[in-house]
Structures are given as C-alpha cells and as structure tokens.
Amino acid sequence: MQRGVFSATATWVRPALRCAISLGLVVGGCVAASHGDQGQIGQRGLIQALPPVFFGCAGLLTLNFFVELFRGRGPNPWVLGTAMIGMVVLLHGAPGFLESEPRFPTAWLHAGFTGQILDHGVSAPKVDARFNWPGFFSSAAAATGAGGLTSALPLLRWAPVVMVLLYLLPLHVIGRQLTGSSTAAWLGLWLFLVFNWVGQDYFAPQSIGFVLYLLAIAILVTFFRGGPQLRLWPRKAWARGQQAEPEGLPDLAVGRRLRVALIALLILLCAALTMTHPLSPIMLVLGSAALVVSRRCRLVMFPAIAGIMTLGWISIGATPYWVGHLDTIFGGVGHVSAVVNNSVGERVTGSKIHESLVRVRLEYTGALWALAGVSAVVLWARRQPAVTLMALAIAPFLTMAQNYGSEGVLRIFLFSAPFGCLLIAQFVVLGLRARFVQVVVAGASLALIPVFVLTRYGNESFEQVRPNEVEAIRVLYSMAPPGSNLVSATSQLPWRFDFATDYTYLRPTEARAFRRGSLTAVRSLVGHPRDSNAKTYLVITTSQRLYGGQSLKGSAQWLRRVRPLLTPYNGYHLVYSNPDAWIYEFEAP
Amino acid sequence: MTGLNQWRTLVGRASSRVPANRPPRWLHAAILCWSGASAVVAFLPHGAGGVPRAVNAIVFLMFGPGCALALGLRRRVPFPVVATISLGASLPVLVVSSQLLLILRIWSPWGVTALVGLVTVGLLLVPVRLEES
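Residues numbered from 1 in each chain as written. Chains lettered and ligands numbered in written order. Predicted model: local features only at pLDDT ≥ 70, side-chain atom pairs only at ≥ 80, totals over all residues. Heavy atoms only, no water.

1. What about the interface of chain B and chain A?
Right, so step 1: Facing 41 residues of chain B, the contacting portion of chain A comprises 47 residues.
Right, so step 2: Interface of chain B and chain A: buried area, both sides summed, is about 3,600 Å²; carbon and sulfur atoms make up 79% of it.
Right, so step 3: The interface formed by chain B and chain A holds zero salt bridges in total.
Right, so step 4: Across the chain B-chain A interface, the total number found is six residue pairs in polar contact (both at pLDDT 80 or more). (Contact = heavy atoms within 4.5 Å. Buried area = accessible area lost by both parts, 1.4 Å probe. Salt bridge = Lys/Arg side-chain N within 4 Å of Asp/Glu carboxyl O. Polar contact = N/O pair within 3.5 Å; in protein donor to acceptor, adjacent residues only side chain to side chain.)

Structural data, given as structure tokens:
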C-alpha cells in the first residue's frame, strides 16, 4: 500500500516539478522584460531593449520543453502544454511587459472602430471599408461594454497572447490528427510559434478570422476525411466517389446526429467568418476545396456552400464597399507579379539596417517554405505522403491570383505556415530517436528565439506607441472642433482610438512630395477639402519621423527637410508640442 | 488518513449516482448561474465592477456556450477535440449574435450578452443526445 502511494506520488511529482520550473521561468522572463528600457529600442527593434535574462529564461524554457518532448516513455502533455503557454506569454507578451502603452497604431485604430459601435450601436461602412465586415468590431464592442469598460484600449496589450493561444488549440488537434504522432503535433506547434513572425495576431479582424479558419479545418480533418462522400442529393452509382485512405489517425467515429450537428457548426463558423474579414473566408473556400480535390474531405459541397456565403455577404452586407470599387476588387485578378511586387519588392527599401531586416524576414519565410517542401518530398519518397497537410499548405498561394494589397504575401504565409511547420515536424520525427537529431532540433529551436524576436519586433522603433504621442492626440481631440481635417504625414500614428468617425482623417494630398520637402506640397497640404470652413491640423511624431527615415523609399531625414518649411508664412502655426509630437494648425496661405 | 478515505467514499457514492454520460448537476447549475449573472452584470453602468467584471464578460462571451457544449460532449470525444468544438461553437455564437443585433439596429452590449446567455442555457437545457443510442 505504502509503495503504491509512493509510486503514485512519483508519477505526478516529476511532471508537477517540471510545470513549476516552466512557470518560474515564465515569471522570471516577464519580470526581466518589464525591467527592460523602452528607450533602448533602436533600428533593430525590441531585441535591443530586452535584457539577457529574458533570453536566458526563454532558452531554458525551450530546453525544458524539448527534454520532455524527447522522453522515451511518452511526453507528459501537461508539462508540454505549460511550457508552450509560457513561451506564448514570453514571446508575444514581451512588448506588453516592456512598453508603457499597447503597441501598434493599427490596433489603436481598431479600438476606435470598436468604440464607434459601442457608442452609437451602428457601424459606419461609408467611413471605412473595414466596417463592411464588422463581426470582430461588434463582438469586441459587446465584450467591452458588458465588461463595464468605456474603451477597448485595455484589451490591446494582451490581445496577441490570447489570439496565439486560441490558434494553438485547433492546430494541436489538426497536427495530432494528420501526423498521427503526438510528438510531431507538439513539435509543429513549437515551430509555428517561432516561425510566425508576420504579426497578424494583434487586436484585429484577421486574427479572429484565422482562429475561425483553423477551427473549421480542425473539424473537417477530424470528422470528415474518410468514408463515402456526403452529398446534398444522391448520386448515380457509377459516379459515387470514395475517399482516399487518409494519413495520420482515422476519423473520430461519431453518430449520425452529432455528424449533422458538426456540419451545422461548420456552416455557423463559415457565417461568422464571412462577417468578420474579407480574406479569411476565401482562404476557407480554397482550403476546403483543396481537401475535396485531394479526396481528403467527404463534404464535397462544403466549399461551394462557403463560397456562396462569402459572395452573399459581399453582395449584400458589403455593398458600400464594392459599389464604385469594382476595379479595386477585380482589377488585380491575374496580376501575380504585381502581388509579389506589392508585398515583397516594395518592402525591400528604406535604411540599410531596415533593408537587411526585411531580407532576413524574406529568408526566414523562404527557409520555412523550403524546409516544408523538402519534408513533403521526403515523406512522399518514404511512401508516407502527407497529402492533407500539403493541400492545406499550398491552397493559400491561390490567393496570389488577386491583388490583396501590400499585405497579401503576409496573409499567404500566415495561412500556409502552420501546415508547413507540421510537415517539417512530421519529417523530423522520423529520425528523432537518434540523439544527434534531438540535439540538432533543440539547438535550432534555441537559435530561432532571437531570430523570431528580430523578425517579429524589428520595426518596434516606429511600431511602439509613445506616451507623449498619445498625450498629443488627446490634446488634439480637445482643441479641434468636430468635423476638422486631421492630417498625418505617414501611417504610423496612434489616432482614431476615439472619435473614429467624428473627424476627417487624411494624409497630405501629395504625401511623397510633402516628405521630400516640396514647397508646393507643403503649402497645399490637403488640396481642396470638402468643407472649406473646417479647420485643418497636421500632426508629426517621433514614430512618423523614424518610420519615414527607416522604412520609406527616399524619405531618410525627411523631417529635417520639412520642419523648416512649417512656418506661418506657409500657413502653419505650432499649437502644441512635446518631446515626441508636434501639432500645427494649418490655413492655406 | 481515515478522514480522507471517508471523504473519498462519499465522493464515490455521490458520483456513482450520476449516469456515466451525464455531467454532474452542480456543473449545470453553475453554468446556468454564470449565464444569468453575466447577463445581469452587463446591465450595470460603465465602471462598476472593475477588472473582475471585465474579465468575466470577456470569458463568458468567448467561452460561455462552449462550456455548455463541452459538458454534453466530454465523454464522447477526446478532450482536445471537445475543447476545439466548444471554441468553434462559442466564437461564432458571439460574432453572429452581435452581427444579428447590429443588422436589426438593436445592438447593445447587454443584448449580445443576453443572446449569448440564452444560447448557453439552451445548450444546457435542451438534452444533448446527439449520439445515437
């Protein structure tokens, strides 16, 4: 009896100890990050400001994870899960611990859109195209209002941590199901964590869109891969399709009623997706169609249903967007080179350090895709073709047929990377029993941590939000009458977090010429505004200065050229300044 | 040690009264109370309740219906799959409820909370007998 108690104790003491070590390392890393100096963030981003202790804790946490993963007698999911959650908190929570304001101006803008629905109970599709897909904003507004908050700003800081944790749950189920190996699933998740540098997990519709996409794919691959095809109507015997033998684990066996309920759930997920984000439902259509074509999905009508729902929402729910913008939607169809140039070519510019950072990002992205490709080929050669993972990893590339703006390739990477990581993991697991392979995998994972911090937070010098900048915008709102024209020289400004629809938010009419210091562009800041009686204010901040200098072509030292021109003679009167922000009232001379 | 054994026996007896596939009643009751309390708290004015109210609202709206669904599914499929299905039900319920009220132009935070609460209660009270006998 006593021996039994001791052995039972021993079975939970070791995992509990390992979990406690992970928790201790996370706390240590978070404390270290909070002692970092925000002022040290330079052209290489957050990596310059995070103290060495932070990286030490992240490294030890990685080792703790891999020691457990490589255990011969089966890893303990609680230990792996604790280390994984800890790593998410460390890597995605680091800016939240270090910086005094939530990062990323676009997230502040989305907080403003949320506030619009919270305050007025309606969206404003004519003010901004993003209001045509208000699912995320209205849901966030509901959570904000029900939680007694007056603004969504408090949600911004920890949104990336929550979003990444939400990604990992369906991704684990997908990995377990498609690789058939718990080790490969955990390794794939870890790889995705350190490879996912694109930063699409902030307070934004695409982050929740990605969660919904992964949830739908998880349900499809867990319940609907094998067996006869399920159609809406019976088909003649000679045309009846049979699914290929699926790789990984077989489908979970469930009864007819639960299967019908799951199909209803898939349609509900699709409905939510169509209302939330323009691109994510298209990814679901492509992903599910790829599964059907590769005979890995019994629901052969699901891609069509998802497509009809997507088109239905665009036709009815997003009318203000497409009326008058058909050229924007269909004009880029087939121009693949334009897509690549928009997303890649135009980004390799700016200062030398910034250019080298962009190249590292491109190489990092290319390395993932190359490794995934090699893994797929090797698995195929060993007669273990990972067809489902390959189909899901390739499907997002089909969106290159449509020009989705400068972030098109980022989105392709986001939707393809999880499955690429699982492919690599499945390949690595083949040789994982060898000690040498284990050492290489753990070493590579350790080396990837600083690479992740560099690529993910390399733009932090202008993507961080400085308290003085927020203070300046609050002053601007207090002095500018509603309806005024508010002008920002570049996009990097944390505004519209309040009064998102009460002012006209603009850029200089000739933004490039303005930054080059063209006197004509400076003197006619906004051309001929719609309301000629409205006041006009120009805001310039440190983040804008750094963004223009580091990231925009031909804009190094732009503020040095422009500042001397912002004089009363040219129509500019300085009405407010602090060390990081200047506000000018402008009246055309 | 004797006390612990007695406690274990009591718990064992209490558990044995519940059929294998049916979740304990106290969990049902707890989720029902949580739904009701969340809907009521959503009526309170801004600022009342502080951080606990904010955290509860976010957790309830994001995971409330999922918790109800998870109770029904927990013995039918493995835990990670239950969690995935539950999350896959919770988030769309929030988005679609919120969107529905927005389209009808009757959107309000407590309206959305009440709707999500109703779905949660529905998933609890409507017998979840999806599995064929």
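Moving on from the model shown.
2. Notes on the packing of aromatic side chains
Residue and element names in this part refer to chain A.
Right, so step 1: Scanning the entire structure with this criterion turns up 35 aromatic pairs over all chains.
Right, so step 2: Geometrically, the ring pair formed by Phe131 and Phe137 is tilted, given 6.0 Å between the ring centres and 55° between the ring planes.
Right, so step 3: Ring geometry for Tyr572 against Phe586: centres 4.7 Å apart, planes inclined by 45°, an arrangement best described as tilted. On the criterion of sequence distance, the pair formed by Tyr572 in strand β4 (residues 572–578) and Phe586 in strand β5 (residues 581–586) is long-range, its members being 14 residues apart. (Phe/Tyr/Trp six-rings, centres within 6.5 Å; stacked < 30°, edge-to-face > 60°. Helix = DSSP H or I, 4+ residues; strand = E, 2+ residues; numbered from the N terminus.)

3. Some points on the packing of helix α9 (residues 205–223) of chain A against helix α10 (residues 256–276) of chain A
All names here are of chain A.
Right, so step 1: Direction vectors running N to C along α9 and α10 enclose 160°, while the axes themselves pass 10 Å from each other. With respect to each other, α9 and α10 are oriented roughly antiparallel. Considering the relative orientation of α9 and α10, their crossing is left-handed. Across from Pro205, Ile208, Gly209, Leu212, Tyr213, Leu215, Ala216, Ile219, Leu220 and Phe223 in α9, the residues of α10 making contact are Leu262, Leu265, Leu266, Leu269, Ala272, Leu273 and Thr276.
Right, so step 2: Here the residues of the contact of α9 with α10 are counted per class, giving 15 nonpolar, two polar and no charged. (Axes fitted to C-alpha atoms, helices over the stretch in contact; angles between N-to-C directions. Parallel < 35°, antiparallel > 145°, perpendicular 65-115°, else oblique. Left-handed = near helix turned anticlockwise from the far one by under 90°. Nonpolar A, V, L, I, M, F, W, Y, C, P; charged D, E, K, R; others polar.)

4. Details of the side chain of Thr84 of chain B
Right, so step 1: Counting through the fold element by element, Thr84 of chain B comes out in helix α4 (residues 79–103).
Right, so step 2: Sequence-distant contacts of Thr84 of chain B, defined by excluding residues within four places in its chain, comprise Leu169, Pro170, Val173, Leu215 and Ala218 of chain A.

5. Regarding the pattern of salt bridges
Residue and element names in this part refer to chain A.
Right, so step 1: Considering all chains together, one arrives at twelve salt bridges over all chains under this definition.
Right, so step 2: Note that Arg359 and Glu355 form a salt bridge whose closest N and O atoms lie 3.6 Å from each other. Within this pair, Arg359 and its partner Glu355 are both found in helix α16 (residues 352–381), separated by four residues, close to a single helical turn.
Right, so step 3: The class of Glu355 is partly exposed, set by a relative accessible area of 26%.
Right, so step 4: One salt bridge in this structure joins Glu469 and Arg466, with 3.7 Å as the shortest N-O distance.
Right, so step 5: Taking relative accessible area as the criterion, Glu469 reaches 0% and is therefore assigned buried.
Right, so step 6: Because the salt bridges share partners, they merge into one network encompassing Arg14, Arg18, Glu68 and Arg71. (Buried < 20%, exposed > 50% of the residue type's maximum accessible area, 1.4 Å probe, protein only.)

6. Regarding the confidence of the model for chain B
Residue and element names in this part refer to chain B.
Right, so step 1: Here chain B averages 81 in pLDDT, while 77% of its residues score no lower than 70.
Right, so step 2: Here helix α1 (residues 2–16) is the element of chain B with the lowest mean pLDDT, 45, and α4 is the one with the highest, 94.
Right, so step 3: Scored below 50 in pLDDT, residues 7–19 shows two contacts in the model against residues more than four places distant or in partner chains.
Right, so step 4: Across the assembled chains, the prediction reports ipTM 0.89 with pTM 0.90. (pLDDT = per-residue confidence, 0-100.)

7. Some words on the sheet that holds strand β2 (residues 504–506) of chain A
All names here are of chain A.
Right, so step 1: As summarised here, the arrangement of the five strands in space is β2-β1-β3-β5-β4, forming an open sheet in which the pairing is mixed. Each edge of the sheet is formed by a strand with only one pairing partner; in this case those strands are β2 and β4. Taking the axes of each pair of neighbouring strands and ignoring which way they run, one obtains an average angle of 25° across the sheet.
Right, so step 2: Both β4 and β5 contribute to a ladder of six bridges, which runs antiparallel. Each residue of the ladder has a partner; that of Tyr576, found in β5, is Ile583.
Right, so step 3: Most of the contacts of helix α24 (residues 542–551) go to strand β3 (residues 536–541), to which it runs at about 70°, and overall it touches β1 (485–488), β3 and β5. (Pairing = 2+ DSSP bridges.)

8. Here's the deal with helix α11 (residues 280–293) of chain A
Residues and elements named next belong to chain A.
Right, so step 1: The terminal C-alpha atoms of α11 lie 20 Å apart, and with 14 residues this matches the ideal 20 Å at 1.5 Å per residue to within 8%.
Right, so step 2: Judged by how many residues are buried, α11 sits mostly within the fold: eleven of 14 residues are covered.
Right, so step 3: Those residues of α11 that sit buried are Ser280, Pro281, Met283, Leu284, Val285, Leu286, Gly287, Ser288, Ala290, Leu291 and Val292.
Right, so step 4: Considering only its buried residues, α11 is in contact with α9, α10, α12 (302–317), α17 (387–394) and α18 (408–430). (Expected span 1.5 Å × (residues − 1).)

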